[in-house]
Amino acid sequence: QQQVKQSPQSLIVQKGGISIINCAYENTAFDYFPWYQQFPGKGPALLIAIRPDVSEKKEGRFTISFNKSAKQFSLHIMDSQPGDSATYFCAASLIRVQGAQKLVFGQGTRLTINP
Amino acid sequence: DAGVTQSPTHLIKTRGQHVTLRCSPISGHKSVSWYQQVLGQGPQFIFQYYEKEERGRGNFPDRFSARQFPNYSSELNVNALLLGDSALYLCASSLQGSNQPQHFGDGTRLSIL
């Protein structure tokens with residue numbers, strides 16, 4: 001119930017195309033869903049996040065779509081660029097007693113944008 | 001503004017040894033979390049500390065311990081190192097509160113020989 005399942009494991013998209021990464025969760029108590037981008041040798045960097053009372057959130061070329069009934073959420077990268085080539089992680093957070101926040105991460109998607 | 005800083009960046013140890021990893025949070029952040037990232041996988045939650053108290057613990061053995069200091073910096077200690085402890089150890093800091101975003105450092109790469 002604490003798992004977040006992410007797909008695909010790897011993705012190759014042509015420059016200018018749309019990259020789509022999907023995640024699914026089981027625990028309906030999750031109440032915060034961030035996406036992180038990680039480059040080799042670096043820590044994950046927060047890209048965009050959404051709460052379950054919103055169905056879509058857009059920031060620049062990045063959009064999160066959230067389907068609460070299906071317990072799924074996805075990241076769309078519009079006009080994908082070679083600089084977007086990185087590993088992307090979805091995550092879900094469960095607020096516990098005294099505000100402790102534990103992020104549960106998906107397995108990651110290695111995205112390659114071909115020029 | 002300085003981000004989350006971790007030291008050392010790389011470390012090589014042998015089985016049975018112990019290790020201490022250090023983390024300085026973003027200025028103003030009082031919450032620090034530790035994650036373990038094995039190669040090819042997503043980070044796994046180890047601990048969260050706020051106001052020097054442990055607020056959450058993941059499914060890790062007692063060989064893993066941590067603490068937070070009055071300046072909100074933190075240490076992660078691992079005893080009796082095993083080969084399987086080889087990983088990238090990430091520290092994240094955040095403001096305390098509902099769903100405050102966690103900001104990660106670049107981690108300490110720990111290799112066990």
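Everything below is about the structure printed above this text.
Quantities reported herein were computed from a predicted structural model and do not represent experimental measurements. Throughout this description, residue numbers start from 1 for each chain and increase along the sequence as written. Lettering for chains starts from A, numbering for ligands starts from 1, and both go in the order in which the items are written. The predicted origin of the model limits local features to residues at a pLDDT of at least 70 and limits the giving and counting of side-chain atom pairs to 80 or more, whereas totals for whole chains, interfaces and linings rest on all residues. The basis for every side-chain value is the complete set of non-hydrogen atoms in the structure, without hydrogens or water.

## Points about the overall build of chain A
Rule in force here: Elements are defined by DSSP. Helices are runs of H or I of four residues or more, strands are runs of E of two residues or more, and each kind is numbered from the N terminus. We compute the radius of gyration over the C-alpha atoms and compare it with the globule rule, which gives 2.2 Å times the number of residues raised to the power 0.38. Burial classes: relative accessible area under 20% of the type maximum marks a residue as buried, over 50% as exposed, and values in between as partly exposed (1.4 Å probe, protein chains only). Note on contacts: a residue pair is in contact if any heavy atoms of the two residues lie within 4.5 Å. To be clear on the numbers: accessible area is Shrake-Rupley with a 1.4 Å probe, and residue cover counts the displayed protein chains and nothing else. Counted as positive: Lys and Arg. Counted as negative: Asp and Glu, with His and the chain ends omitted from the count. The atom standing in for a charge is NZ when the residue is Lys, CZ when it is Arg, CG when it is Asp and CD when it is Glu.
For chain A, the count of helices and strands is zero helices and 11 strands. In sequence order, the secondary structure elements of chain A are arranged as β-β-β-β-β-β-β-β-β-β-β. At 14 Å, chain A has a C-alpha radius of gyration in line with the 13 Å of a compact globule built from 115 residues. With the principal axes as the frame, chain A shows a C-alpha extent of 45 × 30 × 20 Å. For chain A, the residues scored as buried account for 46% of the 115 residues in total. Within chain A, counting contacts between residues at least 6 apart in sequence, those at least 24 apart form 55% of the total. Accessible area for chain A stands at about 5600 Å²; split by element, carbon and sulfur atoms hold 49% of it. Across chain A, the 12 positively charged side chains and the 7 negatively charged ones have centroids separated by 6 Å.

## Some remarks on the packing of aromatic side chains
Operational definition: Side-chain rings of Phe, Tyr and Trp, where Trp is taken by its six-membered ring, are said to pair if the distance between their centres is within 6.5 Å; with planes under 30 degrees apart they count as stacked, over 60 as edge-to-face, and otherwise as tilted.
On inspection of all chains with the given rule, the structure shows 17 aromatic pairs over all chains. Pairing F105 of chain A with Y35 of chain B gives two aromatic rings, centres 5.8 Å apart and planes at 90 degrees, and the pair type is edge-to-face. Taken together, the positions of F105 of chain A in strand β10 (residues 101-105) and Y35 of chain B in strand β4 (residues 31-37) put the pair across two chains. Put simply, the rings of Y25, F30, F33, W35, F66 and F73 of chain A pair up and form one aromatic cluster.

## With respect to the pattern of salt bridges
All names here are of chain B. Worth spelling out the cut-off: In the sections that follow, a salt bridge refers to a side-chain nitrogen of Lys or Arg positioned within 4 Å of a carboxyl oxygen of Asp or Glu.
In the structure shown here, the tally under the stated rule is nine salt bridges over all chains. For E75, the salt bridge identified is with R22, shortest N-O distance 3.5 Å. Here E75, found in strand β8 (residues 74-78), pairs with R22, found in strand β3 (residues 19-24); they are 53 residues apart in sequence, far enough to count as distant. Connected via shared salt-bridge partners are R22, R67 and E75.

## Looking at the sheet that holds strand β8 (residues 72-77) of chain A
All names here are of chain A. What counts is decided by this rule: Two strands make a pair as long as DSSP finds a minimum of two bridges between them. Between N-to-C directions, angles span 0 to 180 degrees; the directions come from axes that are lines fitted to C-alpha atoms, helices contributing only their stretch in contact.
The strand order across the open sheet built from five strands is β1-β3-β8-β7-β6, with neighbouring strands paired in antiparallel fashion. With one partner strand each, in any of the chains shown, β1 (4-7) and β6 (56-59) form the two edges of the open sheet. Looking at each pair of strands side by side, their axes are set apart by 15 degrees on average, direction ignored. One ladder, built from six bridges, connects strand β3 (residues 19-25) with β8; its direction is antiparallel.

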